[in-house]
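Tertiary structure, described
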Amino acid sequence: MHQFRALLARATDVALCVARLRSGVVLLGVMALTVGGTSPAFSHGIGGDAAKASVPGFIAIGVEHMLLGWDHLLFVAGIVLLADSPRRGAKVISAFVLGHSLTLITATLAGWQVNATMVDVVIVLSVAFVGGYGLVLGRPQRWGVFTAIVFGFGLVHGLGLATRFQAIGVADDRVLWRLLAFNVGIEIGQLTAIVGVLALAALVSMVFKFRFDAALTRAAFLALFTVGAVVAPVLAYQSITRLVDADDGLDLALPPGSGCAVTERTEQFPSAGGGHTTKWFYAPNEATPMNDFGHALGDGYLLILYPDDANTTDVALLREFVDTGDSAKVLAGAHDDPTGDITAFFDSHEMTCTGVQVESLDEFSRAWMEWREANFL
């Protein structure tokens, strides 16, 4: 944390040698007005193939995730603008870093999850908070209280990060180092964005030559408040209506003659004491951890159960589908089923097929992931 603070202060000192910090208000205003129509839920998404990334790959995923999170970046930029001092700004942002790092790591390892979209609402409200604070009250007189509020926003943001990280579906034996790498990438992305904002602010200040500093500062705070105040209720409304409509059917088109039938899920899986599985595919001679499968079902995984006496061709096709399919969140295991059918499950639906139908599995997986992303993520 000390190294992050020192690096941030050094970067901002370099930028401030070129121009005063407050000259970045034009950039903030342009950023706010430009990104105001973009959904935070879209910008914070993590690709479905991330589960198979290496540890260094998760650093890149963290960087990308942060640089696409415009609401987070506006909040941090607003803090820098409000602080009007590189060292004070570094201290306040460090509190935010500590907060979201704490809940990201703790919640992920503990398996805590929240509605990630509602977390986005809180972060957008934090943008409105910073803008409104600067517009009405000016710079804080009690920086300890203000820093504590920022720390609280960081805790909430970390819960959202943890929920989205868990949705990637990294196996337990691979979580820790990838989680730490993801967190490092988040901080690198944040630092990169701050340095970029200050560099562009220096360029803007050279153009305006500080002549409209006070007016531009108020304009930037007004832009931040307006974006947060407008986007937050819209995002909250969309999230609520999606939850209300959560029982809508899937947009599903199975191949003709597939021999598969899709119905609402009736199969119950035990989940008490379950956690993340240690592997993706369980062979016929391996015990399928049904408690872990039940836990994974709640995390949005596609589960496939096949008969333990399935022929070697079907087993090979299923293994290939799990290992190389488009969806990274697929678990498959054998069980005692006298019907000989292969059944795929998501949270609300199940599909039963006579034999392995890869095209049908692909379609079922695609339809569910699109529905889940539209309704929850």
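These lines cover the structure that appears in this document, whether it is placed above or below.

What counts and what doesn't
Residues numbered from 1 in each chain as written. Predicted model: local features only at pLDDT ≥ 70, side-chain atom pairs only at ≥ 80, totals over all residues. Heavy atoms only, no water. Pairing = 2+ DSSP bridges. Helix = DSSP H or I, 4+ residues; strand = E, 2+ residues; numbered from the N terminus. Axes fitted to C-alpha atoms, helices over the stretch in contact; angles between N-to-C directions. Contact = heavy atoms within 4.5 Å. Core = buried A, V, L, I, M, F, W, Y, C linked by side-chain atoms within 4.5 Å. Buried < 20%, exposed > 50% of the residue type's maximum accessible area, 1.4 Å probe, protein only. Parallel < 35°, antiparallel > 145°, perpendicular 65-115°, else oblique. Left-handed = near helix turned anticlockwise from the far one by under 90°. Phe/Tyr/Trp six-rings, centres within 6.5 Å; stacked < 30°, edge-to-face > 60°. Disulfide = S-S within 2.5 Å.

1. Some details on the sheet that holds strand β3 (residues 330-335)
Read from one edge of the open sheet, 5 strands run β1-β5-β4-β2-β3, paired in mixed fashion. Pairing within the sheet leaves two strands with one partner each, and these edge strands are β1 (260-264) and β3. The mean angle between the axes of side-by-side strands here comes to 20°, regardless of whether they run parallel or antiparallel. Looking at chain direction, strand β2 (residues 302-307) and strand β4 (residues 342-345) are connected through 3 bridges and run antiparallel. Within the sheet, the bridge partner assigned to Ile304 lies in β4 and is Ala344. Taken strand by strand, helix α11 (residues 290-298) contacts β2, β3 and β4, and its axis lies near 145° from that of β2. Packing of helix α12 (residues 312-324) onto the sheet brings it into contact with β2, β3 and β4, and relative to β2 it is tilted by some 170°.

2. Concerning the nonpolar core
Leu302, Leu303, Ile304, Tyr306, Leu318 and Leu361 are the most contacted members of the largest nonpolar core, which totals 33 residues. At the level of elements, α11, β2, α12, β3, β4, β5 (349-353) and α13 (358-375) are the ones that each hand at least two residues to this core. Element by element, the count of residues in this core is highest for β2, at 5 residues. In this structure Leu303 touches Phe269, Phe293, Ala296, Leu297, Leu331, Thr343, Ala344 and Phe345, once residues within four positions along its chain are discounted. Residues Trp70, Ala220, Val227 and Ala232 belong to the second largest nonpolar core, which totals 32 residues.

3. Here we look at the packing of helix α5 (residues 70-83) against helix α7 (residues 116-136)
For any two helices packed against each other, one specifies the inter-axial angle together with the distance between the axes. Direction vectors running N to C along α5 and α7 enclose 25°, while the axes themselves pass 9 Å from each other. Taken together, the axes of α5 and α7 lie roughly parallel to each other. The two elements α5 and α7 meet at a crossing, and its hand is left-handed. Contact residues: Asp71, His72, Leu74, Phe75, Gly78, Ile79 and Leu82 in α5; Asp120, Ile123, Val124, Ser126, Val127, Val130, Tyr133 and Gly134 in α7.

4. Some remarks on the packing of aromatic side chains
Applying the stated criterion to the full structure yields 12 aromatic pairs. Measuring from centroid to centroid gives 5.7 Å for Phe129 and Tyr133, while their planes differ by 65°, and the two rings are edge-to-face. On the criterion of helical spacing, the pair formed by Phe129 and Tyr133 is a turn pair, its members being 4 residues apart in helix α7. Considering the side-chain rings of Phe165 and Phe182, the 5.4 Å spacing of their centres and the 50° angle between planes classify their relative orientation as tilted. You can see Phe165 sitting in helix α8 (residues 143-168) and its partner Phe182 sitting in helix α9 (residues 172-208), a full 17 residues away along the chain. Its relative accessible area of 2% is what places Phe165 among the buried residues. Exposure remark for Phe182: the relative accessible area of 0% places this residue in the buried category. Through successive ring pairs, a cluster of aromatic residues spans Phe75, Phe96, Phe129, Tyr133, Trp143, Phe146 and Phe153.

5. Looking at the environment of Gly340
Mapped onto the elements, Gly340 comes out in the loop between β3 and β4. In this structure Gly340 comes out as partly exposed when scored by relative accessible area, which is 36%. Between the C-alpha atom of Gly340 and that of Cys353, which follows or precedes it by 13 residues, the distance is 9.3 Å.

6. So, the state of the cysteines
Scanning the model with the defined rule gives 1 disulfide in all. A disulfide bridge connects Cys260 with Cys353, and the sulfur atoms are separated by 2.1 Å. Linking Cys260 and Cys353, the disulfide has an S-S dihedral of approximately 115° and is accordingly described as right-handed. Residue Cys260 is located in strand β1, and its partner Cys353 is located in strand β5; the two are separated by 93 residues in the primary sequence. Assessed through its relative accessible area of 15%, Cys260 is described here as buried.

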